[in-house]
Amino acid sequence: MKNKSFALFKKAIGLIWSCDRRYFILKIVQSIYEGVYNTIGLFMLKNIVDSISLGDGFIASLIFLGIYCSVILIFQILFEVFDARLAPYFTSILKTRISNTVFAKSVSIDISCFEESDYYDKFQMAMSTAYSKHCAIFDTLLMLVTSTVILITSGVLSFLIDPIIIIFAFLPFVSLFIQKKKNKINHNINIEANRLNREKNYVIRTFYQDVYAKEMRMTNVYKPLLERFIVASKKINHLYKTSGLRVALWWILETFVNKFFSEYAVLIYAVWQTIVRNVMTYGDCLVVISTMSNVYDAVNSVYSCLGAFHGHTLYLRDYNEFLDYSPSIISPKNAKKATNGDICFRNVSFKYKNANEYALREINLCIKKGEKIAIVGENGAGKTTLVKLMMRLYDPTEGELLLNNIAYGELDLDTLRDMFSVVLQDYKLFSISIKDNIVLGTAIDEQKLNHSLSISGLSERIGMMPNGIFTSLDKEIDDFGEILSGGEQQKLSIACAYYKNGEIMVFDEPSSALDPIAEESLFRDLFKLSKGKTIILISHRLTSATYADRIVYLEHGRIAECGTHKQLMKKNGLYAQMFRIQADNYAEAEV
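From a predicted model like this one, the values you see are computed outputs, not experimental measurements.

Caption draft 1: Region of the structure containing the overall build of the protein chain. A count of helical and extended segments in the protein chain gives 19 helices and ten strands. When each of the 591 residues of the protein chain is scored for burial, the buried share is 44%. Here the analysis covers contacts within the protein chain between residues at least 6 apart in sequence; of these, 75% occur between residues at least 24 apart. Total accessible area on the protein chain is roughly 31,800 Å²; 60% of this is exposed by carbon and sulfur atoms.

Caption draft 2: Molecular detail of the sheet that holds strand 2 (residues 360-367). Read across the sheet, four strands follow the order 2-1-4-5 without closing on themselves; strand pairing throughout is antiparallel. Either end of the sheet is taken by a strand with one partner, and the two such strands are strand 2 and strand 5 (406-407). Contacts from helix 10 (residues 383-390) reach strand 1 (343-350), strand 2 and strand 4 (398-403) within the one sheet, and its direction differs from that of strand 1 by about 120 degrees.

Caption draft 3: Expanded view of unusual backbone geometry. The backbone of R392 sits at a positive phi, close to 55 degrees, despite the residue not being glycine. Note on R392: relative accessible area 5%, which makes it buried.

Caption draft 4: The arrangement of the packing of aromatic side chains in detail. This model, assessed by the stated rule, comprises 16 aromatic pairs. Here the aromatic rings of Y269 and W272 are separated by 6.3 Å at their centres, their planes lie at 50 degrees, and the arrangement is tilted. In this pair, Y269 and W272 both sit in helix 8 (residues 222-276), three residues apart, roughly one turn of the helix. In this structure Y269 comes out as buried when scored by relative accessible area, which is 13%. Plain terms: the ring middles of Y498 and F507 are 6.5 Å apart, the flat faces sit at 50 degrees to each other, and that makes the pair tilted. Per residue, the accessibility class of Y498 equals that of F507, and both read buried. Stacked on the ring of Y131, the Lys or Arg K95 has its end atom at 4.7 Å from the ring centre. Positioned over the ring face of Y499 is K448, at 4.7 Å from the centre of the ring.

Caption draft 5: Region of the structure containing the environment of K428. Considering the arrangement of structural elements, one finds K428 in the loop between strand 6 (420-423) and helix 12 (434-439). For the pair K428 and S493, spaced 65 residues apart in sequence, the C-alpha to C-alpha distance is 8.5 Å.

Caption draft 6: Examining helix 15 (residues 486-500) more closely. Its 15 residues place the ends of helix 15 22 Å apart at the C-alpha level, agreeing with the 21 Å of an ideal helix rising 1.5 Å per residue. Residues G487, E488, Q490, L492, S493, I494, A495, C496, A497, Y498 and Y499 constitute the buried set of helix 15. Count one or two residues on from helix 15 and you reach N501, which has phi positive near 60 degrees.

Caption draft 7: Examining a nonpolar patch on the surface more closely. Where nonpolar side chains cluster on the molecular surface, the patch consists of I59, I63, I67, V71 and F75 and spans about 480 Å² of accessible area. Positionally, I67 belongs in helix 3 (residues 58-106).

Caption draft 8: Seen up close, the packing of helix 13 (residues 446-456) against helix 15. Two elements in contact, helix 13 and helix 15, have axes separated by 8 Å at closest approach and are oriented at 135 degrees. In terms of orientation, helix 13 and helix 15 fall into the oblique class. Helix 13 and helix 15 meet at a crossing whose hand is right-handed. Listed contacts from helix 15 to K448, L449, S452, L453, I455 and S456 of helix 13 are K491, L492, I494, A495, Y498 and Y499.

Caption draft 9: Expanded view of the pairing of strand 9 (residues 550-555). The buried fraction of strand 9 is high, at five of six residues. Sheet topology places strand 3 (residues 372-377) next to strand 9; five bridges connect them, and they run parallel. Within strand 9, the residue paired with G377 across the bridge is L554. Summarising the sheet, strand 9 and strand 10 (residues 558-563) pair through five bridges and their orientation is antiparallel. Looking across to strand 10, one finds that V552 is bridged to C562. Here strand 9 folds back onto strand 10 in antiparallel fashion, the turn holding two residues, of which H556 has a positive phi close to 55 degrees.

Caption draft 10: Here's a closer look at the environment of C562. By the secondary structure assignment, C562 is in strand 10. Between the C-alpha atom of C562 and that of Y575, which follows or precedes it by 13 residues, the distance is 9.3 Å. For C562, the residues in contact, after removing those within four places along its chain, are R550, I551, V552 and L568.

Caption draft 11: Structural context of the sheet that holds strand 6. Read from one edge to the other, the open sheet built from six strands follows the order 6-7-8-3-9-10, with strand pairing classed as mixed. Edge strands, defined here as strands with exactly one partner in the open sheet, are strand 6 and strand 10. In this sheet, neighbouring strand axes are inclined to one another by 15 degrees on average, regardless of whether the strands run parallel or antiparallel. Where strand 7 (residues 504-508) meets strand 8 (residues 534-538), five bridges bridge the pair, whose relative direction is parallel. Looking at the pairing, M505 lines up with I535 of strand 8.

Caption draft 12: Summary view of the pattern of salt bridges. Overall, the coordinates contain eleven salt bridges when judged by the stated rule. Beyond isolated ion pairs, a larger network of salt bridges with shared partners links R461, E482 and E488.

Caption draft 13: Structural detail: the nonpolar core. Counting residues in hydrophobic clusters, the biggest one holds 39 residues, and the most contacted among them are L94, F138 and Y319. Listed by contribution, the elements that provide at least two residues to this core are helix 1 (2-19), helix 2 (21-54), helix 3, helix 4 (117-161) and helix 9 (282-324). Sort the elements by how many residues they give to this core and helix 4 lands first, with ten residues. Counting residues in each nonpolar core, the second largest holds 32 residues, with A338, I363, L365 and M391 among its members.

What counts, and where the lines are drawn
- Every chain is numbered on its own, with residues counted from 1 as its sequence reads.
- Confidence filtering applies because this is a predicted model: local features only for residues at pLDDT of at least 70, side-chain atom pairs given and counted only at 80 or more, and all residues used for totals across whole chains, interfaces and linings.
- Hydrogen atoms and water are omitted, and side-chain values are computed over all heavy atoms in the structure.
- Secondary structure follows DSSP: runs of H or I at least 4 residues long count as helices, runs of E at least 2 residues long count as strands, and numbering of each begins at the N terminus.
- Burial classes: relative accessible area under 20% of the type maximum marks a residue as buried, over 50% as exposed, and values in between as partly exposed (1.4 Å probe, protein chains only).
- Contacts were defined at the residue level, with two residues in contact if any of their heavy atoms lie within 4.5 Å.
- Surface accessibility in these figures is a Shrake-Rupley result with a 1.4 Å probe; residues are shielded only by whichever protein chains are displayed.
- By the convention used here, strands pair only if DSSP detects at least 2 bridges between them.
- Here an axis means a line fitted to C-alpha atoms, over the contact stretch when the element is a helix, while the angle between two N-to-C directions is reported on a 0 to 180 degree scale.
- Here a Phe, Tyr or Trp ring, Trp counted by its six-membered ring, pairs with any other such ring whose centre lies within 6.5 Å, and the pair is stacked when the planes are under 30 degrees apart, edge-to-face when over 60, and tilted otherwise.
- Whether a charge sits over a ring depends on NZ of Lys or CZ of Arg being within 6 Å of the ring centre and within 35 degrees of the ring normal.
- Working rule for helices: expected span equals 1.5 Å times residues minus one.
- Each patch is assembled from residues with relative accessible area greater than 30% and no salt bridge, linking like charges that lie within 9 Å and nonpolar side chains (Val, Leu, Ile, Met, Phe, Trp, Tyr) that lie within 5 Å.
- Should a side-chain nitrogen of Lys or Arg be within 4 Å of a carboxyl oxygen of Asp or Glu, the pair is scored as a salt bridge.
- Here the word oblique covers every angle except those under 35 degrees (roughly parallel), over 145 (roughly antiparallel) and from 65 to 115 (roughly perpendicular).
- The handedness criterion is simple: a crossing whose near helix is rotated anticlockwise from the far helix by less than a right angle is left-handed, and one whose near helix is rotated clockwise is right-handed.
- By convention a nonpolar core is built from buried Ala, Val, Leu, Ile, Met, Phe, Trp, Tyr and Cys residues, the set being connected through side-chain atoms within 4.5 Å.

Rendered as C-alpha cells:
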C-alpha cells in the first residue's frame with residue numbers, strides 16, 4: 001500500500017513538473033528560502049537580546065539587522081513578482097492537462113459504465129478533485145520542504161545551545177498514527193457524502209434547468225423531488241454528526257500529545273536552565289523557546305504533510321483507477337477494416353448489467369446491404385437495444401454479430417462506427433454553433449452542409465438568424481443563442497446524419513417531434529435520397545414502416561414477426577393489429 005501511495009505521489013509530481021519546470025524550481029527555492037530566513041531571524045534576535053542584556057554591541061547589531069531586513073525584503077519582492085507572473089500560467093496549464101486527460105478517457109470507456117452508480121461516483125470524483133488534489137500535493141510538498149529546512153536549521157541552532165533540547169523535537173512524531181487514522185475516516189465520509197450530494201445536485205438541476213420548467217409548473221412532481229432532496233440532506237447531516245464526533249476525538253488526542261510533550265515541556269526546561277542553573281543567557285532562553293516552537297511546528301508540519309500525502313493519494317487512487325480502467329469494447333490487434341455489407345445477428349441475447357431480465361433474446365436476423373428495415377414494437381420491446389448492439393456500443397451477452405461474415409470482435413471499432421449515421425431518440429444538442437452541432441468535429445464542407453440543412457427542412461429557419469450557421473444554440477454560454485423547438489432540434493439531428501453520410505443510416509424515432517406534413521416529407525425524402533444505403537428505421541408510427549423493404553416486429557425482446565407490410569397485414573398478427581389501431585385513431589382524429 002505504501003509503495004502504491006508513493007507511486008501515485010511520484011506520478012502526480014511528475015505531471016506538475018512537466019507543466020512548468022521554471023515554476024516548479026522557483027517554488028522549491030522559495031520554500032528553502034522561507035525555511036532558512038526564519039532561523040536566521042531567530043539568531044539575530046538572540047544577538048540583540050544578549051547585546052541589550054550585556055549593554056554592548058547594540059548599534060552594530062542594529063546595523064546588521066537593517067542589512068538583514070533589506071536583503072529579506074528584496075528576496076520577498078522578487079519571489080512575489082515571479083509568483084504573480086508564473087502562477088496563473090501554471091494553474092491554467094495543469095487544469096487544462098488534467099481536464100483533457102479526463103475528457104479523453106471518458107469518451108473511450110464502455111457506455112455501460114455510465115449506467116453504473118459506482119463508476120459514475122468515481123467519474124465525478126475524478127472531475128471534481130483531480131485538479132485540487134494535484135495542487136494540494138504540490139502545496140504539501142512545498143510545505144514539507146520548508147518544514148524540513150526549518151527543522152534542520154532550527155535543530156542545529158538549538159543543539160549548539162543545549163544538545164538535550166533536540167530530544168523534545170521528536171516527541172510529536174507519536175501522533176503520526178493519529179493523523180493517518182483521521183485521513184481514513186475523512187475519506188470514507190467524503191465518499192459517502194459524494195454519493196448523497198449527487199442526489200441533491202440532481203434535484204437542484206431539475207429546479208433551474210429549462211427542460212424541467214414546464215413539468216415543474218404543470219404538475220406536483222416537485223414534491224417527490226423535494227422529498228428526495230430533504231432525505232439526502234438528512235442523511236448527510238447524520239453522517240457528519242456521527243462521524244464528526246470520531247474525528248473530533250482524534251483531533252483532541254493529537255493536540256494533547258503535541259502540546260504537552262513538546263511545547264510545554266521545553267518551556268519549563270529552558271526557564272529552569274536559565275534561572276535555576278544559570279547555564280543559558282536570556283538570549284539563549286528566548287531563542288530556545290522560539291526555536292523549539294518552530295521545531296515543534298516544523299515537526300508537526302512534517303508529519304501533517306506525510307499524513308496529508310496519504311489523504312491526497314486516497315483521492316488520486318480513485319482518479320488513477322478511473323484513468324486505468326480498460327474498456328472491454330476495443331479494436332483487437334490486427335483488426336480488419338469494416339466495410340459496408342450484410343449485418344447478421346446469430347442467436348443474440350443481451351442483458352444490461354445488474355438487470356434481472358434480458359432486453360433481447362435469441363435474435364436471428366440478417367440485414368442485407370442496401371436494405372431498408374423498419375424495427376417496430378411496443379415500448380420496451382428492445383428496438384433501440386438492437387441498434388446499440390449493431391453499432392457495438394454494447395457486446396451481446398450471448399451469440400454474435402457479423403459484418404460480411406466477419407465477427408464484430410475482429411473488426412476495427414472506429415471504421416465500424418464510422419459507417420453509421422445515427423439519429424437517436426434522445427439526441428442531445430450542444431451549446432455550440434449550429435455548424436459545429438452538424439459537423440461534430442469533422443472537416444467542414446459548406447456545400448454538403450447546406451445540402452444537409454435543405455434536406456432536413458431547416459435552411460429557411462437558419463437563414464433568418466443573424467449569424468446563420470454560426471449561431472449558438474441555447475443561451476447557457478451565449479446570451480444571443482437561439483432556442484430551437486422540439487421539431488427543429490429533431491430536424492437538426494437529421495441534418496447531422498445526412499452530413500456524415502454514413503453507409504448505414506439509423507433513425508430512432510426520427511419524426512416523434514414532427515407534425516404529420518413534415519413527417520411525410522421526411523420519410524419520402526429519406527428513402528429517396530438514401531438510395532444504395534442501408535436504412536434502419538425505428539418508429540412507433542407504423543405509417544413510416546410502410547416505406548421499408550422489410551418490417552421486424554419485436555415483442556418482449558424477441559422477433560415476433562418479420563416480413564413486408566403487405567405480408568404482415570395478410571398474416572393479421574401483432575403488426576396488423578397495431579397498424580389498424582393507429583389507422584383508426586387517425587381516422588377518428590380527422591372526424
